[in-house]
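Structural overview for review
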Amino acid sequence: MKHGKKKYLLIILPVLVLTAGGILVWYLTGGFMSPVTGRIEDEDYRAGNRKYYRREQYFPLQRGVLSEIPEIDENMGLDLRGSDASSLDLAQERALLDLATFDSATVWPEALPEDFFPERIMETGKNPGLGIRALHEKGITGEGVSIAIVDQALNPEHVEYADNLMNYELLHCSDQAAQMHGSAVTSIAVGKTCGVAPGADVYYIASTFGTYGFGSMKMDLNYMADSIDRVLEINKLLPVEKKIRVISISRGFSSEKGSDEVRAAIERAKEEDVFVITTSTDANYGFALMGLGREQTADPDSVSVYGPGHFWSGEFYRDGIADPAHILLVPMDARTYASWYDTGGYEFASSGGLSWSVPWLAGLYALCLQTDQDLTPEEFIQTAFETGTVQTLEYEGTSYELGTIVDPTALTEALE
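Just so we're clear, the structure is a prediction, and the values are computed from it rather than from any experiment.

1. As for the pairing of strand β19 (residues 389–395)
Strand direction decides the pairing type here: β19 and strand β20 (residues 398–405), joined by seven bridges, are antiparallel. By the bridge assignment for β20, E394 is matched with S399. The turn linking β19 back onto β20 is made up of two residues, and E396 within it adopts a positive phi angle of 50 degrees.

Right, dumping it as structure tokens:
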């Protein structure tokens, strides 16, 4: 028996070693979701062809019937997307519903607060706010301007932006199907009913800035730098009237792997008159971008209804802002955007993040470029601060200076 055990161990140990080694290699290379890169032919760009490297799959979000109120999610609040909540009694849950995220597929109960109307809230949330729609009525829609977006895998078919989308490439993209984030940022930038610049064209790069393994992601912002450089390559192929003037990337960087490369790529973009908007605008442009909060039923066009966004309001009212003159503010909370799994559906989030502020500002820059084709990012930023509204808020007997809220009407008039 002893000799049999030794023989068994001699056989099994190499197998275990090889298996462990394989798992290690799998983890180091991103598991079974290695990044995919797929480019469109140069000639298609030169000819102005609308071209997608591939069309992403998307799957319905079906969470079934809810038997109890879900727990509050750190990012999504009271998440009722794709859920049948018809059996719940929410009549006394107005405070919880102030945190709701829901979509076109949400089934609501009859027992709701008297002042909570989901359809009306979703429709109000489509309005980009601060007078943007009034500019659209005057013909300022971003027409003739090209935007690039770098984000997660996109469902290219949504009615909000399908006509705006000129390309779809992948660069170090680990996503296996369309993701919520891509459709959201694209519709906020150029959506026909919920976008800031519905007349602008979009060039899209899908990238995940890292690789997945064992349920987590290993970040590598070299991928982000590569995406900026790819947009600049594409730009060289486009005719003058189609040149990309702004890149929207809803991600920040500080000291992660690849951060220095991102800073350098942004400087290369600046040399080519391309404005790269990230959540770390202070790194290359000298101002901080922040997002505004709004209650669900408040008028998005009224500057007086805005305050600090939900995710940073606690810190604001505790510590204030050390340098409010450095802060540029745009709408963020209580926004409706395109669904990633329903080509005609929408999603509403009571609380947003800076991911929503970046495409909003990119869309505003497109509107301004329509009025002044020679505009530079530096001129845009300076004029936005000069024409914006400095909001002072009262809270529990203390005054707080919020910063400069952009005034799109005053800004575009000043640039004209």
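2. So, the packing of helix α11 (residues 354–371) against helix α13 (residues 408–415)
At a closest axis distance of 9 Å, the pairing of α11 and α13 adopts a crossing angle of 30 degrees. Between α11 and α13 lies a crossing whose hand is right-handed. Taken together, the residues of α13 that come into contact with α11 (itself represented by W360, L364, C368 and T371) are P408, L411, T412 and L415. Residues belonging to the contact of α11 with α13 are distributed by class as follows: six nonpolar, two polar and no charged.

3. Focus on the pattern of salt bridges
According to the stated counting rule, one finds 22 salt bridges in the structure shown. For R63, the salt bridge is made with D79, and the minimal N-O distance between the two is 3.0 Å. Of this pair, R63 sits in the loop between β2 (51–52) and β3 (64–65) while D79 sits in strand β4 (residues 78–79); the two residues are 16 residues apart in sequence, bridging distant segments of the chain. Between K126 and E123 there is a salt bridge whose closest N-O contact spans 3.5 Å.

4. Here we look at the environment of A162
In this structure, A162 sits in the loop between β7 (146–151) and β8 (165–173). For A162 and V190, which are 28 residues apart along the polypeptide, the C-alpha to C-alpha distance reads 10.0 Å. Once residues lying within four places of it in the same chain are set aside, the contact partners of A162 are R50, Y52, P156 and E157.

What counts and what doesn't
Residue numbering note: each chain is counted from 1, following its sequence as written. At least 70 in pLDDT is required for a residue's local features to be given in this predicted model, at least 80 for side-chain atom pairs to be given and counted, and no such filter applies to totals for whole chains, interfaces and linings, which use all residues. Side-chain measures were taken over the full set of non-hydrogen atoms in the model, leaving aside hydrogen atoms and water. Note on pairing: DSSP must find at least two bridges between two strands before they are called paired. For the purposes of this entry, the term helix denotes a DSSP run of H or I that reaches at least four residues, the term strand denotes a run of E that reaches at least two, and both are numbered from the N terminus. Angles shown run from 0 to 180 degrees and are taken between the N-to-C directions of axes, each axis being a line fitted to C-alpha atoms and, for helices, limited to the stretch in contact. Note on convention: near helix rotated counterclockwise from far helix by under a right angle means a left-handed crossing. Clockwise means right-handed. Note on contacts: a residue pair is in contact if any heavy atoms of the two residues lie within 4.5 Å. Following the grouping adopted for this structure description, the nonpolar residues are Ala, Val, Leu, Ile, Met, Phe, Trp, Tyr, Cys and Pro, the charged ones are Asp, Glu, Lys and Arg, and the polar ones are all others, Gly among them. A pairing counts as a salt bridge when a side-chain nitrogen of Lys or Arg comes within 4 Å of a carboxyl oxygen of Asp or Glu.

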